[in-house]
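What follows is the residue order along each chain.
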Amino acid sequence: MSVGLNAFILVAGLLFAIGFLGVILRRNTLVIFMSLELMLNAVNLALVAFSRYNGTMDGNLFVFFIITVAAAEVAVGLAIIVALFRRRQSVMVDNLNALSR
Amino acid sequence: MLDLLFYVFSAITLIAALVMVLNPNAVSGAMAMIVSFVGTAALFVLLEAYFLAILQILVYAGAVMVLFLFIIMLLDVDKSEKAFPSDKLTLLGSFVGFALLAVLVASTFSGGHLPEPTLLPVLENPTGTAAGIPFTTSAKSFGYSLFTKYMLPFQVCGFLLLAAMIGVIVVSKKHEQGNS
């Protein structure tokens, strides 16, 4: 394969930028959370590319740990969103302004 | 051939991610997200990280996205609420921020002024344990690394999963009357 490391990092960076756009643009907490997952995924792609082009296994192991932590994070985050919805009947970030009052 | 596959899978991943971000319907967004995760898994296969590609599909496209879809359908939120902010300045700021980040990444990594390392040969079956474990395609090196070099992070991960499980049970338990 003649595609270089920089092409993979470019794709990972653009994926990260798209996730960032989702975090700052959307109002739905669930979609913001999905965009966060997208950003984690972009970092995973960059780590695997670095690992492959560096010839060591460490990047792949880091991705393994990131996937584990992301799974735990999703479980806790979704539980928090469900608890929030139970309390406020909304998951839109504009309605979650209890600290400003 | 592999180059063409790289471009196809990168395009699928990026376009699906954009659809997820810009689609006002959260369920369609989650579906696009699954496509994006599978595209990333295909890129992992191109990088010869087969174990991680399978893990990506099992954990992300499988478990995580099913959990997301389940919660989206359970809460049933997109009925009348607007998906995007109505404030013009917020919209403009979001897209300018995105454009800045995208231009930064594109100009850094596509100019050809950074060194381009060449692909190293992949060992089919690793032998010996040097300081850095060499890149292999076998799942054996994962197990070996997890139980030698990364023993402590592995244990911490297990503890983290336990803590997350207990946290979820505590957070999602219904509060008793007068307690909340």
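Residues numbered from 1 in each chain as written. Chains lettered and ligands numbered in written order. Predicted model: local features only at pLDDT ≥ 70, side-chain atom pairs only at ≥ 80, totals over all residues.

> Any chance you could break down the overall build of chain B for me, citing the residues and the numbers?
Helix and strand counts for chain B come out as six helices and zero strands. Counting from the amino terminus, chain B carries its helices and strands in the arrangement α-α-α-α-α-α. Within chain B, buried positions represent 25% of all 180 residues. Looking at chain B alone, contacts between residues at least 24 apart form 42% of all its contacts between residues at least 6 apart. (Helix = DSSP H or I, 4+ residues; strand = E, 2+ residues; numbered from the N terminus. Buried ≥ 20, exposed ≤ 12 C-beta atoms within 10 Å, placed from the backbone. Contact = placed C-beta atoms within 7 Å.)

> Provide a residue-level description of helix α2 (residues 29-54) of chain A, including the pertinent values.
Each full turn of the α-helix corresponds to 3.6 residues, which orients residues three or four apart in the same direction. Residue and element names in this part refer to chain A. In a regular helix each residue adds 1.5 Å, so 26 residues correspond to 38 Å; α2 covers 38 Å between its end C-alpha atoms and thus fits that length. Counted residue by residue, α2 has 20 buried out of 26 residues, so it is predominantly covered. Two residues or fewer past α2, Gly55 is found with a positive phi of approximately 80°. (Expected span 1.5 Å × (residues − 1).)

> Just give me the short version of the interface of chain A and chain B, but keep the residues and values in it.
Opposite the 62 residues of chain A that make contact, chain B presents 72 residues. Counting residues per element, the side of chain A that touches chain B draws most heavily on helix α3 (residues 58-88) of chain A, which supplies 21 residues.

> Go over the domain arrangement of chain B with me, naming the residues and quoting the values.
Note on interface size: it is often stated as the accessible area lost on association of the parts. Looking at chain B, the domain boundaries give domain 1 (1-78) and domain 2 (138-174). Centre-to-centre, using C-alpha coordinates, domain 1 of chain B lies 23 Å away from domain 2 of chain B. (Domains from an automatic or database assignment.)

> Mind laying out the packing of α2(A) against helix α3 (residues 50-75) of chain B, listing which residues take part and the relevant values?
At their nearest, the axes of α2(A) and α3(B) sit 12 Å apart, and the two run at 175° to each other. Classed by the angle they form, the pair α2(A) and α3(B) counts as roughly antiparallel. Along its contact with α2(A), which presents A:Leu30, A:Met34, A:Glu37, A:Asn41 and A:Val48, the element α3(B) presents B:Leu52, B:Tyr60, B:Val64, B:Phe68, B:Ile71 and B:Ile72. (Axes fitted to C-alpha atoms, helices over the stretch in contact; angles between N-to-C directions. Parallel < 35°, antiparallel > 145°, perpendicular 65-115°, else oblique.)

> Give a description of unusual backbone geometry that names residues and reports values.
Notably, A:Gln89 is not glycine yet its phi reads approximately 60°, a positive angle. For A:Gln89, a count of 10 C-beta atoms within 10 Å puts it in the exposed group. Located in the positive-phi region is B:Glu48, a residue other than glycine, with phi close to 65°. Mapped onto the fold, B:Glu48 is located in the loop between α2 (26-46) and α3. By the C-beta count within 10 Å, which is 18 here, B:Glu48 ends up partly exposed.

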